[in-house]
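Residues per chain are reported as follows:
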Amino acid sequence: MEYDGPQESVWNTIHVVALRCGWMSMAQLPAVIALTGRNSLVQFLTGIEYQHLRFAHKLVAFWMALLGVVHTLDATFANFKYFGGAGVNTLYLHNYLGQTGIAMIVGLFLLCFFSWRPIRMRWYELFLVAHVVGVIMVLVGIIYRASVSLFRRRCRPCR
């Protein structure tokens, strides 16, 4: 992927890749939710068996988590490259983007780790609790992050 624009602290190749991965990760959430459950609307409308939908749910969720991790790593590298360690520290301790990002990554980690077959088979109730907690963390993070971002864009003074 190439970015031919200026290579500065806000717009650079690393940051552009991070933004795209973040948007692609967030865009997969409706598909993951739609494929959830044994008697879902997707199954009712299409007649596809539950096992096939569960496989698609796992696959889309895996890509969502992978893109979220790439987004987090790229954002960290971009901040480190242009602002040093203090920039990374500021991102994760004093900026809502970094804080909500960490909360969402922790939620995705809970979802993926406790979905691992040996853990899910041995401690199914823990898998369910971790899924609920992880989904709440991801949804609250996305809602807070998107609402603050949209509010800030609309309330900017015209130049």
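Here, every reference points to the structure presented above.
Because the structure is predicted, anything quoted here is derived from the model rather than measured.

Caption draft 1: Region of interest: the overall build of the chain. Each helix and strand counted, the chain has 7 helices and 0 strands in total. Listing every helix and strand of the chain by position from the N terminus yields α-α-α-α-α-α-α. For the chain, with 159 residues in total, the buried portion stands at 31%. Total accessible area computed for the chain in this model is approximately 10900 Å², and 70% of it derives from carbon and sulfur atoms.

Caption draft 2: Highlighting the packing of aromatic side chains. The full count for this structure, using the stated rule, is 5 aromatic pairs. With centroids separated by 6.1 Å and ring planes inclined at 85 degrees, the aromatic side chains of Tyr96 and Tyr144 adopt a geometry described as edge-to-face. A residue pair is termed long-range when its members are at least 10 positions apart, and Tyr96 in helix α5 (residues 96–115) and Tyr144 in helix α7 (residues 124–154) qualify at 48 residues. Classification of Tyr96 by relative accessible area gives buried; the value is 13%. Ring geometry for Phe109 versus Phe113: centroids 5.5 Å apart, planes at 15 degrees, classification stacked. Taken together, the residues Phe109 and Phe113, both in helix α5 and 4 residues apart, mark about one turn of the helix. Three or more aromatic residues link up through ring pairs in this structure, and these residues are Phe109, Phe113 and Phe114. Sitting above the plane of the Tyr50 ring, Arg38 keeps its charged end 4.3 Å from the centroid.

Caption draft 3: Seen up close, the layout of surface pockets. Size it by volume and the second largest pocket reaches roughly 1000 Å³. Mapped by element, the contributors of at least two residues to the lining of the second largest pocket are α2 (29–34), α4 (50–94), α5, α6 (117–122) and α7. For the lining of the second largest pocket, the element with the highest residue contribution is α4, accounting for 9 residues. Per-class residue counts for the lining of the second largest pocket are 21 nonpolar, 5 polar and 5 charged.

Caption draft 4: Here's a closer look at α4. The end-to-end C-alpha separation of α4 is 44 Å, well short of the 66 Å expected for 45 residues at 1.5 Å each. Its maximal kink placed at Phe83, α4 deviates by approximately 135 degrees.

Caption draft 5: Broad picture of the nonpolar core. With 12 residues, the main nonpolar core is built from Leu29, Val32, Leu35, Leu53, Val60, Met64, Ala65, Met104, Leu108, Leu111, Val138 and Ile142. Those elements that place two or more of their residues in this core are α2, α4, α5 and α7. Take this core: its biggest share by element is 4 residues, from α4. Once residues lying within four places of it in the same chain are set aside, the contact partners of Leu29 are Met64, Leu139 and Ile142.

Caption draft 6: Spatial organisation of a nonpolar patch on the surface. Nonpolar side chains collect at one region of the surface, where Phe55, Leu59, Phe62, Trp63 and Leu66 lie side by side and expose about 510 Å² of accessible area between them. Within the secondary structure layout, Trp63 lies in helix α4. A residue is classified by how much of its surface remains accessible, and Trp63, at 41% relative accessible area, is partly exposed.

Caption draft 7: View of helix α1 (residues 13–27). Relative to the 21 Å expected for 15 residues at 1.5 Å per residue, α1 spans 21 Å between its end C-alpha atoms, a close match to the ideal helical length. Within the sequence span of α1, burial applies to Val16, Ala18, Cys21, Gly22 and Ser25. On the buried face of α1, the contacting elements are α2 and α4.

What counts and how
Residues numbered from 1 in each chain as written. Predicted model: local features only at pLDDT ≥ 70, side-chain atom pairs only at ≥ 80, totals over all residues. Heavy atoms only, no water. Helix = DSSP H or I, 4+ residues; strand = E, 2+ residues; numbered from the N terminus. Buried < 20%, exposed > 50% of the residue type's maximum accessible area, 1.4 Å probe, protein only. Areas by Shrake-Rupley, 256 points an atom, 1.4 Å probe, with all protein chains shown as cover. Phe/Tyr/Trp six-rings, centres within 6.5 Å; stacked < 30°, edge-to-face > 60°. Lys NZ or Arg CZ within 6 Å of the ring centre and 35° of its normal. 1 Å grid on protein atoms, 1.4 Å probe; cavity = no way out; pocket = protein on both sides within 12 Å on 5 of 7 lines; lining within 4 Å. Points joined across faces, edges and corners; volume = space filled by probe spheres on them. Nonpolar A, V, L, I, M, F, W, Y, C, P; charged D, E, K, R; others polar. Expected span 1.5 Å × (residues − 1). Bend = angle between axes of the 7 residues up to and from the residue. Core = buried A, V, L, I, M, F, W, Y, C linked by side-chain atoms within 4.5 Å. Contact = heavy atoms within 4.5 Å. Patch = residues over 30% accessible without salt bridge, like charges linked within 9 Å, V, L, I, M, F, W, Y side chains within 5 Å. Salt bridge = Lys/Arg side-chain N within 4 Å of Asp/Glu carboxyl O.

This is a description of form; function is not addressed.
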